[in-house]
Amino acid sequence: MTRFRPLRNANIHQRVMLLALIPTLLITIILFVFTTRERLNDAREDLHHESMQLLDYLAVSAEYGLLSGNRETLEQLGQPILSNPAVSAISFLDAEGRPLVGPHQPDVATLSTVNGSDRQVMRNGWLYHRPILLSSVGVDDFREREGKKPLQLGWVLLEINNSQLRQRENDILCAGALSSLAGLLLAIWLALVIGRSIARPVQRISQTIDLLQHDQLDARVTVKDGGELGELQRGINLLAAQVQRNRDHLQSEVVKSTRDLQVTLDALEVQNRRLEQARQRAEKANHTKDEFLARMSHELRTPLTSVLGFVGLLGKTALDSQQQEYAQVIQRTSTLLLSLIDDLLDFSKLESDAIRLENIEFNLIDCIEELLEMHLPSARQKGINLYFIPDPALPEQVAGDPTRVFQVLSNLVANAIKFTQDGEVILTLKAVELGPKSRIQIEVRDTGIGISKEQQEHLFQPFVQADTSITRRFGGSGLGLVITRRLTELMGGSLALCSTPGVGTSVTLTLSLDVVACAPAAKIFAGLSVLLYDRRNLTQQALKQRLEYWGCRVTAVRTRRELMQALEQTAPPFQRLILSFSGRELKALQRSPLLGPARERFAGEIILLTGRSSQDMLTQFTPVIEQLQPVTILRKPSSGNELVKALKGEAVLHPGAAPARIETQELAGLNVLIAEDNRFNQLLISRMLELYGATTRIAADGAEALAMLQEHPVDLVLMDIHMPVMNGIEASRAIRNLPGPEARIPIISLTASIATPDLQALEPLNICARLTKPIDEQQLIQAVRQACLDEPIVAAHPVSSNQRLARYGISDTRLSSELQQQVCALQTAFAQQDSVQMRDHSHQLMGLAGLLGMNELDRSAQAFNLAVKQSDDQAIALHLRQLQRLVAESGESAGG
Amino acid sequence: MVKLPQPLRWVLQRGWAFMACLILVAPVHAGDLLLVPSQSSQPYLQVVDHLVRVLEKSRVSIDIIPAGAIDQQQLAQHQLVISLGTRALETLLQLNSNTPVLAIMVPKDSFLSLSTAPAHQAARDAGRLSALYLEQPYWRQLRLAGLIAPGIERVGALLGPISRTHQDELHAVIRQFGWQPQLTAMDNQDNPLAVIRSLVGSSDLLLAVPDQADFNRNTARWLLMLSLREQVPLIGFSRRYVEAGAVASVFSSPVSIAAEAAQWVLNWQQSSDHRLPAAGYPQRFEISLNAEVASRLNLTLPPLEQISQALQEGNTP
């Protein structure tokens, strides 16, 4: 039911007022109307009745006058009545209607003839009239019938004016209105009084409740009223008292509980302190364990790397075949041992959640290409095809941990190659979901021995291999897949394995990687038209998609006829022709006339892909090669890099030309002094120079360099700027200030950063070249040649790609151990608060990082150095931790 | 003869109309006497009541049928019919029955005028139709006048449309009493005031003569008023006349009418030839005096018993 709208917001006082006033007002109005009307009616009736009475009286009294025709009698009769102000005039008419007395002369026909009064309405009143009848007296005892109508003697007319009636009506209306008004006022006063008597207690209750709501629980209603309101007030007071009691009780309970809690907290604090101590002990123990592990791994790896290094060196010496074989065995077993140690190290880190993932931008394709390139030798060695099918829809740059992705995939590919005796390993890259976070699927499928269902169940358990015979046949720690899986899970990805024994295995890695928005790099071979001949579906598809990924327009043919047709009919002609042959085809080709006609129809660069090395091809398939001249020979499986180079027409093995030799002896005879404080850098630079035939000497600081220079004359000085004892600038200045011809020795400066003050300081010292770290081999060699052989200098520019330390016989492990040593020294210095040592080692770290293009490490080392200079202990601690982390990660990547 | 039950008597005393309905629906009994009243007004009821009461004692069976509901068969079933009032008589006469009819409460002139037909005349002659007149004879009124106002000389009377036919008779009777008659005839259209004023002025005593009811009513007031004003005694003809202001009246009351009629019935029953006596004035009468008016007229009235006795003694013209 809808409530009366205006009442909704009315307070109780107003409601009571309305409740009292509305009925009262209605009753007053009704009563006023009713009584006034009744009284007005009564007044009229009274007048009428009075007039009738007068008329009756006159009619009876006038009988004699009319009978006797005595007008005087009639006039006298009317005289006293005329004194009544309501009576205006009296007239008497005779039986014929002729006026005897009075002013009226009405039409007789309109007058009443029956024995009764009647009236006519006049302008200001009424005209009453009645016939005057002869009065009779009943004298018969036995009246049988009613007599005839009595004899009419005439009429009497009485004119009544309504002025008095009007006056009386006005009086009645006034009196009625006044009494109603008085009644209404009384009702309003009563409503006010009653309303207040109801509203006041309710307001008191309301105010008290308001106070109670505002937590003033001692508020009480003053009980002044009886009845229900009084009951309500008392009830509210009781309720408030109850609530107050409850609150007080609760408060006391809370105080008690708080006290109890405090006691418990104190106990807990004591326990926590104990726990903290226990935790610290545990952490210390863990730390000790980690340190032990790191130390042990280092201790294990260091001799092993040296074994490997020396075996490598041994391999380059003149050995007979038996010795060569022994050296290879040592190398293989050492490599296996190293990988086992790395696996164990990784596994222990994974187990203790010590691995932290990086989130940096990288190119997934490049990463995979690098990985494939790494595994190509082993694949080629086993005669297995290694295919890569990229997805053109894949985003170019993604964010994630490239080292770990590399590690996982490398593991999978290595496994695939390991367990495949014949056939191929296919790596398919597919973007499942594209968006800001893309889901990417990488499938590594092989045609290997496969794994049975039962074996699959134990596959991801540590130290368990599918078959104990596997260890015997294939080696390995049994940790590879476990590490792979753990790393995948750590990256939020998943690993799915599907295998059929005897048919092959497919492992699918699914990763969600953030897509990094970047301008799409121009496809390196955009629009290059390539004709691809390959009879095998899979290889054709892999090659085609790879080429298309680089932007080539590929036309793939499968038969010789199609090849000829494509060569003849296509215009404009293809820019490149790729011929991919299997071993059997290659043999068949010797007898078939395919290549000659193909060469006749195609004038451009032909790329020949076969399972043989170029050397084999040149020696065993000379006719084939001759038919195709000029041709670029690539061995299957080929790396992306090789293919790119072949498509570009560079770095390929052209038949007839001597195999390219990278190393030359162009710096032979040069004696170079390397002033570098970091031992690792000393080694690296010296190896680079030695590769080109130069002889090197090493000084650990500027002072030592100065001394050595004066003892043994050299052709060139490579001067690191930041060195302890005497820095590069001071040393250079000292050299220039030498009295002898040594003062004119060419100096090449090495800096991690091109700081303006350093440049300004170097300006007057006649420095031949300023090389920035990381050192680029080509730049270094060119700068040395320019300085000593007077060749023009190519502007030095930083190179961001990682140096390949292996080229200089320096292992990643060595770098990592060097970094580790520096960080340990920093730690020791920090513990001893030795700022000089800290600056020294941070400086060395900066040098190493700069030399090797480890930008993050470089930045961090710089920040540490700055913090040491500013003596900001907090920042020092922070950056030290950062350095430890970065070095540890670089160590992991080196291990992986 | 069946004795009337008490409830019936109660009804008889109270309403004719109701009674009539009862009788109409009741089976008709052959009875001795049939009462046919003209109307159910009080005097008629009184007369019927007295008649029934008196005749009950004589074991006469009585039926009562109002004049409006009577028919010939009902008449034929009774030995004697008494009509009460002029209308009842007129109805009975129109039915032309052989049943003997005694008319009571009927004025002499009305009876005579209704029974002028030869058959009725024959019936009167055969004693099957008779009447007991309502009014008193003039001589009885004049004797009363003499008793009340002994010293009068001129006796005036106002004659109406009916009574003027008796002008000579009245004239003669007044003369017999040795007084000078002052008789004035008046029409309904005449100014009564003027007529009566002259009559009163020329009379020592006024005699009210019964006439038509309207005439009686219209003239009575002025007769009474002017007689009082002029100190002329007025002798009325009914109890109501005395009550209205006449000094004395001689008249038949319902009781005396009923008693006399009952006597007639009994006589008729007991007679061998079942003949009704000839129509005539009532023998029984009452006298009513107005002492107040008499004192105003300075008259000394003899005691009522004395007057009554004197009238009874000379109950003949």
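These numbers come from a predicted model, not from an experiment. (Residues numbered from 1 in each chain as written. Chains lettered and ligands numbered in written order. Predicted model: local features only at pLDDT ≥ 70, side-chain atom pairs only at ≥ 80, totals over all residues. Heavy atoms only, no water.)

(A) Quick look at the overall build of chain B. Along chain B, the regular secondary structure elements total 15 helices and 11 strands. Of all 317 residues assigned to chain B, the portion counted as buried reaches 52%. For chain B, restricting intrachain contacts to residue pairs at least 6 apart in sequence, the fraction spanning at least 24 positions comes to 74%. Element-wise, carbon and sulfur atoms account for 50% of the exposed surface of chain B, whose accessible area totals about 13700 Å². (Helix = DSSP H or I, 4+ residues; strand = E, 2+ residues; numbered from the N terminus. Buried < 20%, exposed > 50% of the residue type's maximum accessible area, 1.4 Å probe, protein only. Contact = heavy atoms within 4.5 Å. Areas by Shrake-Rupley, 256 points an atom, 1.4 Å probe, with all protein chains shown as cover.)

(B) Just the overall build of chain A, in detail. Each helix and strand counted, chain A has 26 helices and 22 strands in total. The proportion of buried residues among the 896 residues of chain A is 44%. Taking contacts inside chain A between residues at least 6 apart in sequence as the whole, the part at least 24 apart equals 69%. Accessible surface for chain A amounts to roughly 47300 Å². Of this, 54% is attributable to carbon and sulfur atoms.

(C) The arrangement of the interface of chain B and chain A in detail. Facing 36 residues of chain B, the contacting portion of chain A comprises 19 residues. A buried area of about 2500 Å², summed over both sides, lies between chain B and chain A, and 52% of it is on carbon and sulfur atoms. When the buried area of chain B at its contact with chain A is split by residue, Arg217(B), Arg221(B) and Arg240(B) rank highest and sum to 27% of it. Counting across the interface, chain B meets chain A through one salt bridge. With a shortest N-O distance of 2.5 Å, Arg221(B) and Glu63(A) are connected by a salt bridge. Counting the contacts that link chain B with chain A gives 10 residue pairs in polar contact (both at pLDDT 80 or more). Mapped onto the side of chain B that touches chain A, the elements with two or more residues apiece are helix H3 (42–57), helix H5 (86–95), helix H10 (192–201), helix H11 (213–229), helix H12 (239–244) and helix H13 (254–270) of chain B. The element that contributes the greatest number of residues to the side of chain B that touches chain A is H11(B), accounting for 10 residues. (Buried area = accessible area lost by both parts, 1.4 Å probe. Salt bridge = Lys/Arg side-chain N within 4 Å of Asp/Glu carboxyl O. Polar contact = N/O pair within 3.5 Å; in protein donor to acceptor, adjacent residues only side chain to side chain.)

(D) Layout of helix H20 (residues 728–736) of chain A. All names here are of chain A. Counting buried positions along H20 gives seven out of nine residues, so the element sits mostly inside the fold. Residues Gly 728, Ile 729, Ala 731, Ser 732, Ala 734, Ile 735 and Arg 736 constitute the buried set of H20. In this structure Asn 727 caps H20, since a side-chain oxygen of it lies 3.1 Å from the backbone nitrogen of Ile 729.

(E) A look at the sheet that holds strand E9 (residues 234–236) of chain B. Residue and element names in this part refer to chain B. Across the sheet, six strands lie side by side as E7-E6-E8-E9-E10-E11; this open sheet has mixed pairing. Only two strands of the sheet have a single partner each, and these edge strands are strand E7 (180–185) and strand E11 (286–289). Averaged over all neighbouring strand pairs, the angle between strand axes comes to 20°, with direction disregarded. Of the strand pairs in this sheet, strand E10 (residues 248–251) and E11 are connected by four bridges, and their pairing is antiparallel. Within the sheet, the bridge partner assigned to Ser 249 lies in E11 and is Ser 288. Strand contacts of H11: strand E6 (154–159), strand E8 (205–207) and E9, with the helix running at about 150° to E6, the strand carrying the most contacts. Packed on one face of the sheet, helix H15 (residues 304–313) meets E10 and E11 and runs near 140° to E11. (Pairing = 2+ DSSP bridges. Axes fitted to C-alpha atoms, helices over the stretch in contact; angles between N-to-C directions.)

(F) Region of the structure containing the environment of Ala849(A). Residue and element names in this part refer to chain A. Within the secondary structure, Ala 849 is located in helix H24 (residues 835–852). The class for Ala 849 is buried, based on a relative accessible area of 1%. Put simply, Ala 849 and Ala 861 are 12 residues apart on the chain and 8.4 Å apart in space, counted from C-alpha to C-alpha. Not counting the four nearest positions on each side in its chain, Ala 849 is found in contact with Met 854, Leu 857 and Asp 858.

(G) View of the pairing of strand E15 (residues 576–580) of chain A. Residues and elements named next belong to chain A. In terms of residue burial, E15 counts as a mostly covered element, since five of its five residues are buried. The alternating pattern of E15 places Arg 576, Ile 578 and Ser 580 on one face and Leu 577 and Leu 579 on the opposite face, and all of these are buried. Sheet topology places strand E13 (residues 529–534) next to E15; five bridges connect them, and they run parallel. Considered in E15, the bridge of Leu 532 is made with Ile 578.

(H) Summary view of the confidence of the model for chain A. All names here are of chain A. Chain-level pLDDT for chain A is 80 on average; 89% of the residues reach the 70-or-more range. Low pLDDT, under 50, characterises residues 651–663; the predicted model gives this stretch 18 contacts beyond four residues in sequence or across chains. Residue range residues 791–803 is modelled with pLDDT below 50. Its contacts to residues more than four positions away, or to other chains, number 22 contacts. (pLDDT = per-residue confidence, 0-100.)

(I) Spatial organisation of the nonpolar core. All names here are of chain A. If you look at the biggest cluster of nonpolar residues, it comprises 64 residues, and the most contacted ones within it are Leu 364, Ile 368, Leu 412, Leu 427 and Leu 429. Excluding anything up to four places from it in sequence, Leu 364 contacts Leu 394, Glu 396, Val 398, Val 405, Leu 429 and Ile 440. With 50 residues, the next largest nonpolar core counts Leu 47, Leu 67, Ile 81 and Ile 132 among its residues. (Core = buried A, V, L, I, M, F, W, Y, C linked by side-chain atoms within 4.5 Å.)

(J) Focus on the packing of H3(B) against H13(B). Residue and element names in this part refer to chain B. Interaxial distance between H3 and H13 falls to 8 Å at its minimum, and their mutual angle equals 40°. As summarised for this structure, H3 and H13 are arranged oblique, according to the angle between their axes. For the pair H3 and H13, the crossing hand works out as right-handed. Along its contact with H3, which presents Pro 43, Gln 46, Val 47, His 50, Leu 51, Val 54 and Leu 55, the element H13 presents Pro 254, Val 255, Ile 257, Ala 258, Ala 261, Ala 262, Val 265 and Leu 266. (Parallel < 35°, antiparallel > 145°, perpendicular 65-115°, else oblique. Left-handed = near helix turned anticlockwise from the far one by under 90°.)

(K) Structural context of the packing of aromatic side chains. Residues and elements named next belong to chain B. Counting across every chain of the model gives six aromatic pairs over all chains. Seen in terms of ring centroids, Phe 177 and Trp 179 are 5.4 Å apart; in terms of plane orientation they differ by 15°. Their pairing is stacked. Under the relative-accessibility criterion, Phe 177 is labelled partly exposed at 27%. Here the aromatic cluster, defined as three or more aromatic residues joined through ring pairs, consists of Phe 111, Tyr 133 and Tyr 281. (Phe/Tyr/Trp six-rings, centres within 6.5 Å; stacked < 30°, edge-to-face > 60°.)

(L) Representation of the side chain of Glu63(A). With respect to the helices and strands, Glu63(A) occurs in helix H1 (residues 12–68). A distance of 2.5 Å separates polar atoms of two side chains, one belonging to Glu63(A) and the other to Arg221(B).

(M) Representation of the sheet that holds strand E4 (residues 101–106) of chain B. Residue and element names in this part refer to chain B. Taken in spatial order, the five strands make up an open sheet running E2-E1-E3-E4-E5, and their pairing is parallel. Looking at strand neighbours, the two that pair on one side only are strand E2 (62–64) and strand E5 (129–133), the edges of this open sheet. Strand-to-strand twist across the sheet, computed as the mean angle between neighbouring axes with direction ignored, equals 20°. Those strands touched by H13 are strand E1 (31–37), strand E3 (78–84), E4 and E5, and its axis lies near 155° from that of E5.

(N) View of the pattern of salt bridges. Overall, the coordinates contain 25 salt bridges over all chains when judged by the stated rule. Connected through salt bridges with shared partners, the residues Asp94(A), Glu96(A) and Arg98(A) form a single ionic network.

(O) Layout of the confidence of the model for chain B. Residue and element names in this part refer to chain B. For chain B, the mean per-residue pLDDT works out to 86, and 90% of the residues sit at or above 70. Averaged pLDDT values for the elements of chain B fall to 45 in helix H2 (residues 16–25) and rise to 95 in E10. Taken together, the stretch residues 20–29 has pLDDT below 50 and engages in eight contacts with residues farther than four places along the chain or on a different chain.

(P) Fine view of unusual backbone geometry. Phi angles above zero are rare outside glycine, and Asp215(A) is one such case at about 70°. You can see Asp215(A) is positioned in the loop between helix H3 (163–213) and helix H4 (227–316). One non-glycine residue, Asn96(B), lies in the positive phi region at around 50°. Mapped onto the elements of the fold, Asn96(B) is located in the loop between H5 and E4. According to the relative accessible area criterion, Asn96(B) is exposed, its value standing at 53%.

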